[in-house]
Amino acid sequence: MADYKKVRHRQRPRPVERPKPDGNFWSKFIKPTDLSFPGAVYAVDFNPLSPYDALVTASARLSLVSLSRGSPKVSKTFSRFNGLAYSGVFRPTDGKLIACGDDNGVVTVFDMATKASLRQFTTAATHRGTTGAAARIVRWRKDGLALFSGSDDKCVRYWDLGTAQLLTTIPQAHKDYVRCGAINPAAASELFVSGSYDHTLKVWDMRGRGGGGGGSNRPVSRFNHGCPVEACLALPGGSLLVSAGGETIKVWDLLGGGGGAHGGLLHAFSNHAKTITSLTTDREGSRLLSASLDGHVKVYDLQTYDVLHSFRAAGPLLSVGLAPDNGKLVMGQADGTFSVRTRRSALTSTSAAPISSSSGLPSSELPRTPLLFGGTARHFHRGKNAVAGAGDFQVELAKRQRLAPYDISLKGFRYHEALDKALASRNPRTIVAVLDELIMRRGLRVALTGRDEAGMEPLLAFLARYLNHPDYASSLSDVCHMVLDIYAPMLGQSPVLDELIGRVARGVKAEVAVQREMLGLVGAMDMLIATQLEASVGEGGRDGGWPGGNEEELTSPGRAGED
């Protein structure tokens, strides 16, 4: 006697999902490696050229941290400052020069190779021997031949690298300290964005300014963030500006300009519990990263502004950076801790020996599994989890088939009972599979006949809910027809059954109305397509007949061979 075959559930086609590269990308950044600095890590920047060393601004020094091989380590230190250093940045064109500001308002340019101080830009107050206001923000022009700086005296300055001269000063550019700035990467190279504790961001056009003056002191655009601005960033493309202040990140339209209380505001979102201190993007410019005093780094999708991933640090964060190759994520904390996270795939590609995914050790250092020979004590005590070798003969034991309750009833040809047990499961796939099996066995009428009100209620409720479902409609329509054939004479005898059958009828009417609208839409689309084809054929006739070539060539395919 042949074995009973269990009821097979109908397999639904899997929807085609768009691949999500962020699924495992951010989770591959392994546990951080920490370095300690004597003061808070105010800023982090990466060399634009490989191997993408990090420049850390902490206390009264700049530290060049090598991240190429093994654990991160400090390779160079720049410490020619009279006070705290701020905003150390590489020159974006070649990474050979480093610029930063300090507590005295001096902007210094270093040669990265020799550590020599090539330029020192000072204000008039510093020349007279007095202490200038701290230069908190320094940014290179796109071509690397000039610098912008913002300071605590509320001014924005524009410096020329070749002549070591101050090209222009915008006095009282803001009403409070200037604490952040950004260069528009896609617009004119003289466009600079400054952010201040007076809650505003301003876009300055430095073209036409020179000789220490000239040009208007009015900004091109002005945006009101609503709270002190801690960080700002111009996105690739040059049309969007991102600002961070308080617990909120806002996206602004640079092309539309600002004005009014919320002029130019496109979107605002908040996912931090404390003040946001730093912003950066990935290599493609499609992901935004924010660091906050709550100790979290959030990763956002710049299309939907949804949070894709989150990293947790041990303390408040002041800076965050992502390497140009997306292989290193660094975070600077208020207590001087500098954390480096390396993406696992990048770590594997730079290692000399292959890494085992299970243990994290090179394969050369993994312990070797001893060979097992038959008849030995080691072979006898190898355990049930031992894996068979290539030459071993495996004996497979026939496992007893466990049947579901409705399968047991179907095996005994108890169709009425099988349908009741399937309905009790409340699984639509199981119920439809059992109904299909009953239709194939020609036992559906047997399963439906002789039911009382309690037996019909779950079946009619299921039909009313799933009759319009595209996956089940073909099977349930046959079941619905048979139910009406059997129980039509009993309508009006039970209010509960009348209500359920009414629900089924209303669902059918709604589905018919939808199908009619769809057919009308298909007809309208066919008419538009036919009109477009007639128009294209007409244009081809005016040009000389057929749009694909000569009519004679289309009707004589063998002419080319004869020639």
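Nothing here was measured: the structure is a model prediction, and the numbers come from that model.

Thoughts on the nonpolar core
Judged by nonpolar contacts, the single largest core of 36 residues is most densely connected at Leu438, Leu460, Leu463, Leu476 and Val483. Excluding anything up to four places from it in sequence, Leu476 contacts Val432, Leu435, Phe462, Leu463, Tyr466 and Leu467.

A short note on the pairing of strand β23 (residues 287-292)
Most of β23 is tucked away: six of the six residues are buried. Covered by surrounding structure in β23 are Arg287, Leu289 and Ala291 together with Leu288, Ser290 and Ser292, the residues of both alternating faces. Where strand β22 (residues 276-281) meets β23, five bridges bridge the pair, whose relative direction is antiparallel. Paired with Thr281 across the two strands is Leu288, which belongs to β23. Hairpin connection between β22 and β23: a loop of five residues separates the two successive antiparallel strands, and Gly285 in this loop has a positive phi of roughly 75°.

Section: the environment of Glu511
In this fold, Glu511 is placed in helix α11 (residues 495-542). For Glu511, a relative accessible area of 27% corresponds to the partly exposed category. Spatially, the C-alpha atom of Glu511 lies 6.7 Å from that of Asn468, the residues being 43 residues apart in sequence. Reaching out from Glu511, the side chain makes a polar contact with the side chain of Gln515 at a distance of 2.9 Å.

Here's the deal with helix α10 (residues 473-487)
If you check α10, its first and last C-alpha atoms are 20 Å apart, about what 15 residues at 1.5 Å a residue would give, namely 21 Å. For α10, the full list of buried residues reads Ser475, Leu476, Val479, Cys480, Val483, Ile486 and Tyr487. For α10, the buried positions fall inside an angular range of 135° around the axis, keeping them on one side. Projecting away from the buried face of α10 at angles above 90 degrees are the exposed residues Ser474, His481 and Asp485.

A look at the sheet that holds strand β10 (residues 135-140)
Here four strands make up an open sheet; going across it, the order is β10-β11-β12-β13 and the pairing antiparallel. Looking at strand neighbours, the two that pair on one side only are β10 and β13 (165-170), the edges of this open sheet. This sheet shows a mean twist of 20° between the axes of neighbouring strands, independent of strand direction. Pairing between β10 and strand β11 (residues 146-151): five bridges, direction antiparallel. Bridge pairing in β11 places Ile137 opposite Gly150.

As for the packing of helix α6 (residues 415-425) against helix α7 (residues 428-441)
At a closest axis distance of 8 Å, the pairing of α6 and α7 adopts a crossing angle of 160°. One finds that α6 runs roughly antiparallel with respect to α7. For the pair α6 and α7, the sense of crossing is left-handed. Side by side, α6 and α7 meet where Tyr415, Ala418, Leu419, Ala422, Leu423 and Ser425 of the first sit next to Thr430, Ile431, Val434, Leu435, Leu438 and Arg441 of the second. Its residues placed into classes, the contact of α6 with α7 shows nine nonpolar, two polar and one charged.

Side note on the pattern of salt bridges
Under the counting rule described, the total for this entry stands at 12 salt bridges. Where Lys421 meets Glu417, a salt bridge forms, and the shortest distance between an N and an O atom there is 2.8 Å. Placement of both Lys421 and Glu417 in helix α6 is noted, with a separation of four residues, approximately one turn of the helix. With a relative accessible area of 30%, Glu417 lands in the partly exposed category. Note that Glu499 is salt-bridged to Arg506, the shortest N-O span being 3.4 Å. According to the relative accessible area criterion, Arg506 is partly exposed, its value standing at 48%.

A closer look at the sheet that holds strand β21 (residues 265-269)
Spatial ordering of the open sheet is given by β18-β19-β20-β21, a layout of four strands whose pairing is antiparallel. Strand pairing shows two members of the sheet lacking a second neighbour, β18 (231-234) and β21, which therefore form its edges. Geometrically, the sheet is characterised by an average inter-axis angle of 15° between neighbouring strands, direction not taken into account. In the sheet, strand β19 (residues 240-245) pairs with strand β20 (residues 248-253) via six bridges, with the strands oriented antiparallel.

Some remarks on the side chain of Arg287
As for its placement among the helices and strands, Arg287 is situated in strand β23. Separated by 3.3 Å, the side chains of Arg287 and Asp301 make a polar contact.

Here is what the cut-offs are and how they apply
Residues numbered from 1 in each chain as written. Predicted model: local features only at pLDDT ≥ 70, side-chain atom pairs only at ≥ 80, totals over all residues. Heavy atoms only, no water. Core = buried A, V, L, I, M, F, W, Y, C linked by side-chain atoms within 4.5 Å. Buried < 20%, exposed > 50% of the residue type's maximum accessible area, 1.4 Å probe, protein only. Contact = heavy atoms within 4.5 Å. Helix = DSSP H or I, 4+ residues; strand = E, 2+ residues; numbered from the N terminus. Pairing = 2+ DSSP bridges. Polar contact = N/O pair within 3.5 Å; in protein donor to acceptor, adjacent residues only side chain to side chain. Expected span 1.5 Å × (residues − 1). Arc of directions from axis to C-beta. Axes fitted to C-alpha atoms, helices over the stretch in contact; angles between N-to-C directions. Parallel < 35°, antiparallel > 145°, perpendicular 65-115°, else oblique. Left-handed = near helix turned anticlockwise from the far one by under 90°. Nonpolar A, V, L, I, M, F, W, Y, C, P; charged D, E, K, R; others polar. Salt bridge = Lys/Arg side-chain N within 4 Å of Asp/Glu carboxyl O.

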